[in-house]
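One letter stands for each residue in the lines below.
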Amino acid sequence: MSATMHIFENGAALAEALADAVGARLAAAIAARGMASLAVSGGSTPKAFFQSLSRRELDWAKVTVTLVDERFVPPESERSNHGLVAANLLQNKAAAAGFVPLYHAAETAEAAAVIASEATADFSAPFDVVVLGMGTDGHTASFFPGGTRLEEALDPATPPGVITMEAEGAGETRLTFTFSSLQDAGYLVLHIEGNGKREVLARAEAPGNELEMPIRAMLRRAASPLQIYWAP
Ligand SMILES: O=C1O[C@H](COP(=O)(O)O)[C@@H](O)[C@H](O)[C@H]1O
């Protein structure tokens with residue numbers, strides 16, 4: 001599918017513009033259907049965007065937020081994406097939003113993934129907005145190169161839902177929405193910052209194996225146009 005590049009002078013300008021665009025999409029979904037869904041990424045990049053979005057005037061009580069991916073750790077862990085979202089997005093006006101976690105205190109990550117798939121099924125097909133990140137190894141969501149279930153996660157025939165993933169670069173076992181869950185979002189964003197990631201993106205845009213740089217699956221096969229937000 002096509003991609004559109006949105007370039008900003010710095011991270012603060014990007015955060016404001018992305019919050020405007022995401023806020024407008026959520027407002028339009030609320031106007032059309034009385035509710036809106038948003039799946040966001042973790043990591044170090046989205047903090048300023050989360051803080052900007054949290055201050056947007058929206059009927060937040062009608063918005064359900066979840067994660068594109070999560071570590072199999074409780075929200076109190078400093079490695080938790082839920083913790084990051086709680087501290088930076090579910091604040092200010094956005095404190096009224098609903099949040100559905102991917103982590104559940106189940107005996108295994110597989111059991112948590114089943115619970116997460118059930119808990120998100122009624123608002124995730126498709127999401128109104130998905131905001132992806134990308135690691136310097138070309139992973140997005142928890143689609144890690146060398147990941148134990150990478151082929152299954154990227155297979156368009158794998159049904160929407162949450163599955164587990166283990167990979168050398170991932171640290172903890174991950175919980176991740178599958179490619180089929182994310183690729184058809186009403187507004188599909190890839191948010192990256194820094195010259196290093198721009199170079200990684202350029203490599204991903206060149207011919208090569210999807211399994212080596214899983215972001216290629218989104219660049220090449222997403223049903224929705226990919227909106228790439230970048231700042232140095
Ligand atoms: O592991 C993860 O990393 C990516 C990118 O993180 P960043 O720190 O380089 O911004 C993120 O998109 C993903 O959600 C997260 O689990």
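Caption draft 1: Spotlight on the pairing of strand S7 (residues 162-165). Here S7 shows a buried face lined by Val162 and Thr164 and a second buried face lined by Ile163 and Met165. Two elements, S7 and strand S8 (residues 174-177), share 4 bridges in a ladder whose sense is antiparallel. Across the sheet, residue Val162 finds its bridge partner in S8, namely Phe177.

Caption draft 2: Quick look at unusual backbone geometry. Pro126 follows Ala125 through a cis peptide bond whose omega is -5 degrees. Following the sequence through the fold, Pro126 ends up in the loop between helix H4 (109-120) and strand S6 (129-132). Backbone geometry places Asn92, a non-glycine residue, at a positive phi of 50 degrees. Locating Asn92 in the fold gives a position in the loop between helix H3 (81-88) and strand S5 (98-99).

Caption draft 3: Main features of the sheet that holds S7. What the 3 strands build is an open sheet, ordered S4-S8-S7; its pairing is antiparallel. On the outer flanks of this sheet lie strand S4 (69-71) and S7, each paired with one strand and no other. Each neighbouring strand pair of the sheet contributes to a mean axis angle of 25 degrees, computed without reference to strand direction. The strands touched by H4 within the sheet are S7 and S8, with S7 carrying the most contacts at an inclination of about 155 degrees.

Caption draft 4: Region of interest: the sheet that holds strand S2 (residues 36-40). An order of S1-S10-S9-S6-S2-S3-S5 is seen for the 7 strands of this open sheet, with the pairing classed as parallel. Every interior strand has two partners, whereas the edge strands, strand S1 (3-7) and S5, have only one. Strand direction decides the pairing type here: strand S3 (residues 63-67) and S5, joined by 2 bridges, are parallel. When the sheet's bridge partners are listed, Val65 is paired in S5 with Phe99. Helix H1 (residues 11-33) rests against S2, S3, S6, strand S9 (187-193) and strand S10 (226-231) of the sheet, and its axis sits at about 165 degrees to S9.

Caption draft 5: Spotlight on the pattern of salt bridges. Tallied over the entire structure, the rule returns 10 salt bridges. A salt bridge links Glu152 to Arg149; its shortest N-O distance comes to 2.9 Å. What makes Glu152 partly exposed here is its relative accessible area of 34%. On the basis of relative accessibility, which here comes to 26%, the residue Arg149 falls in the partly exposed class.

Caption draft 6: Up close: the nonpolar core. Ranked by size, the top nonpolar core spans 77 residues in total, and within it Leu38, Val65, Leu182 and Met218 carry the most contacts. Per-element accounting of this core gives the leading share, 9 residues, to H1. Once residues within four sequence positions are removed from consideration, Val65 is found in contact with Leu38, Val40, Val85, Leu89, Leu90, Ala97, Gly98, Phe99 and Val100.

Caption draft 7: Seen up close, H1. Taking 1.5 Å of rise per residue, the 23 residues of H1 would be expected to cover 33 Å, and the 32 Å separating its terminal C-alpha atoms lies within 8% of that figure. The set of residues buried in H1 consists of Gly11, Leu14, Ala15, Leu18, Ala19, Ala21, Val22, Gly23, Leu26, Ala29 and Ile30. Elements in contact with the buried residues of H1: S2, helix H2 (47-54), S3, S6, S9 and S10. Where H1 begins, the side chain of Asn10 points an oxygen toward the backbone nitrogen of Ala12, at a separation of 3.2 Å.

Caption draft 8: Layout of the environment of Pro156. Summarising the element assignment, Pro156 is placed in the loop between helix H5 (150-154) and S7. C-alpha of Pro156 to C-alpha of Thr178: the two residues are 22 residues apart in sequence and 8.6 Å apart in space. If we ignore the near neighbours within four places in the chain, the residues touching Pro156 are Ser180 and Arg221.

Caption draft 9: Representation of the packing of H1 against H2 within the structure. One can describe the packing of H1 onto H2 by two numbers: an axis separation of 8 Å at closest approach and a directional angle of 50 degrees. Judged by the inter-axis angle, H1 sits oblique to H2. Where H1 crosses over H2, the two elements pack in a sense that is right-handed. Residues Ala15, Glu16, Leu18, Ala19, Val22 and Gly23 of H1 pack against Ala48, Phe49, Ser52 and Leu53 of H2.

Caption draft 10: Up close: the side chain of His139. Within the secondary structure layout, His139 lies in the loop between S6 and H5. Excluding anything up to four places from it in sequence, His139 contacts Gly133, Met134, Phe144, Pro145 and Pro214.

The rules behind these values
Residues numbered from 1 in each chain as written. Predicted model: local features only at pLDDT ≥ 70, side-chain atom pairs only at ≥ 80, totals over all residues. Heavy atoms only, no water. Buried < 20%, exposed > 50% of the residue type's maximum accessible area, 1.4 Å probe, protein only. Helix = DSSP H or I, 4+ residues; strand = E, 2+ residues; numbered from the N terminus. Pairing = 2+ DSSP bridges. Axes fitted to C-alpha atoms, helices over the stretch in contact; angles between N-to-C directions. Contact = heavy atoms within 4.5 Å. Salt bridge = Lys/Arg side-chain N within 4 Å of Asp/Glu carboxyl O. Core = buried A, V, L, I, M, F, W, Y, C linked by side-chain atoms within 4.5 Å. Expected span 1.5 Å × (residues − 1). Polar contact = N/O pair within 3.5 Å; in protein donor to acceptor, adjacent residues only side chain to side chain. Parallel < 35°, antiparallel > 145°, perpendicular 65-115°, else oblique. Left-handed = near helix turned anticlockwise from the far one by under 90°.

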